[in-house]
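Listed here are the chains, written in short residue letters.
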Amino acid sequence: MVTGAGQGLGRASAVLMARFGARLAVSDRVANTLAETEREVAATGQPVVARQLDVRDREAVASFLGDVSAEFGPVDILVNNAGGTFFSPFLDVSEKGEHTLVLENFVQVTSLIRGVVPLMPDGGAIVNLTSIEAHQAAPGFAVYGAMKAALAQLTRTLALELAPRRIRVNAIAPDAIPTGGDRDVRAEMLGGGGEYEPAVVPPLGFMGDAEDAAAVVLFLASDLSRFVTGTTIHVDGGNWAAGGWRRVKPD
């Protein structure tokens, strides 16, 4: 099961896992992009259940889980990819905006995990998508960064609570991987002045893409990582390791 599967990391993860033999249950709140993901998964020959929904809607999620369980039985893998943010200094974020960020980036994940784990067999896997902002200051994204940090902590705690069932819980923290949502937020930061072009590149010297993150999701979802739990893998070209150091692009 992959949430936020309509584009970017979610779509890439769903399609890659289908290529490796997984049956897929995918969701997104944007119908047309979800339909494209559904077509790409179906093209691999694997069955897919797709549902347009807002992961903050508990009743819609419960209905989706019921349909997935009826179609496929147990849910072996859960990829919590859905989330979102907007750029705003903390003092300018309204109570409604803060509530939205908390629901979208943390509460919906806890609700989904509570719904899926009873459907998950022993030996299952949960992969949570956090962000580099969970591990460093995030001016303009204070609440988002705090919720991603909370998700990293939840990942560690659930890894221990679910260890008796050998359900592994891990996270990945992407950065320097431009996606549709990322470009929209970066353009907002720059006042909407065209497509975002990064001024700096990671230590590896190039930007990543969604498939780079999807490969790590596949690893954490598979038996290749059977002895890995409670950890976060940084998929960022070295940005987290570099701290404040950046490779500046030449003029």
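Draft legend 1. Focus on the pattern of salt bridges. All chains considered together, the criterion is met by seven salt bridges. Across the pair R29 and D54 runs a salt bridge, and its minimum N-O distance is 3.9 Å. Here R29 is found in the loop between β1 (24–28) and α2 (31–43), whereas its partner D54 is found in the loop between β2 (48–52) and α3 (58–72), with 25 residues between them in sequence. Here R29 falls in the partly exposed class, since its relative accessible area comes to 43%. What makes D54 partly exposed here is its relative accessible area of 24%. With a closest N to O distance of 2.1 Å, D67 and R51 form a salt bridge. Separated by 16 residues along the polypeptide, D67 in helix α3 and R51 in strand β2 bring together distant segments of the chain. What emerges from the salt-bridge pattern is a single network uniting R29, D54, R56 and E104.

Draft legend 2. Structural detail: the pairing of strand β4 (residues 125–129). Along β4, five of the five residues are buried, which leaves the element largely enclosed by surrounding structure. Burial of the side chains of β4 extends over both faces: A125, V127 and L129 are buried on one face and I126 and N128 on the other. Sheet analysis places strand β3 (residues 77–80) next to β4, joined by four bridges and oriented parallel. Following the sheet pairing, N80 is matched in β4 by N128. One crossover worth recording links β3 to the parallel β4 by way of helix α4 (residues 95–116), and it is right-handed.

Draft legend 3. Layout of the sheet that holds strand β5 (residues 168–174). An order of β3-β4-β5-β7 is seen for the four strands of this open sheet, with the pairing classed as parallel. Pairing within the sheet leaves two strands with one partner each, and these edge strands are β3 and β7 (232–235). Taking the axes of each pair of neighbouring strands and ignoring which way they run, one obtains an average angle of 20 degrees across the sheet. Here five bridges tie β4 to β5, and the two strands are oriented parallel to one another. Looking at the pairing, L129 lines up with I172 of β5. Sitting on the sheet, helix α7 (residues 210–221) is in contact with β3, β4, β5 and β7, with an inclination near 170 degrees to β5.

Draft legend 4. Region of interest: the packing of helix α1 (residues 8–19) against α2. Interhelical geometry of α1 versus α2 gives an angle of 15 degrees and a closest axis separation of 9 Å. Classed by the angle they form, the pair α1 and α2 counts as roughly parallel. The crossing of α1 and α2 is right-handed. Residues R11, A14, V15 and A18 of α1 form the contact with α2, whose participating residues are T33, E36, T37, E40 and V41. Its residues assigned to classes, the contact of α1 with α2 shows four nonpolar, two polar and three charged.

Calculation notes
- Residues numbered from 1 in each chain as written.
- Predicted model: local features only at pLDDT ≥ 70, side-chain atom pairs only at ≥ 80, totals over all residues.
- Heavy atoms only, no water.
- Salt bridge = Lys/Arg side-chain N within 4 Å of Asp/Glu carboxyl O.
- Helix = DSSP H or I, 4+ residues; strand = E, 2+ residues; numbered from the N terminus.
- Buried < 20%, exposed > 50% of the residue type's maximum accessible area, 1.4 Å probe, protein only.
- Pairing = 2+ DSSP bridges.
- Right-handed = clockwise from strand over helix to strand, strands pointing away.
- Axes fitted to C-alpha atoms, helices over the stretch in contact; angles between N-to-C directions.
- Contact = heavy atoms within 4.5 Å.
- Parallel < 35°, antiparallel > 145°, perpendicular 65-115°, else oblique.
- Left-handed = near helix turned anticlockwise from the far one by under 90°.
- Nonpolar A, V, L, I, M, F, W, Y, C, P; charged D, E, K, R; others polar.

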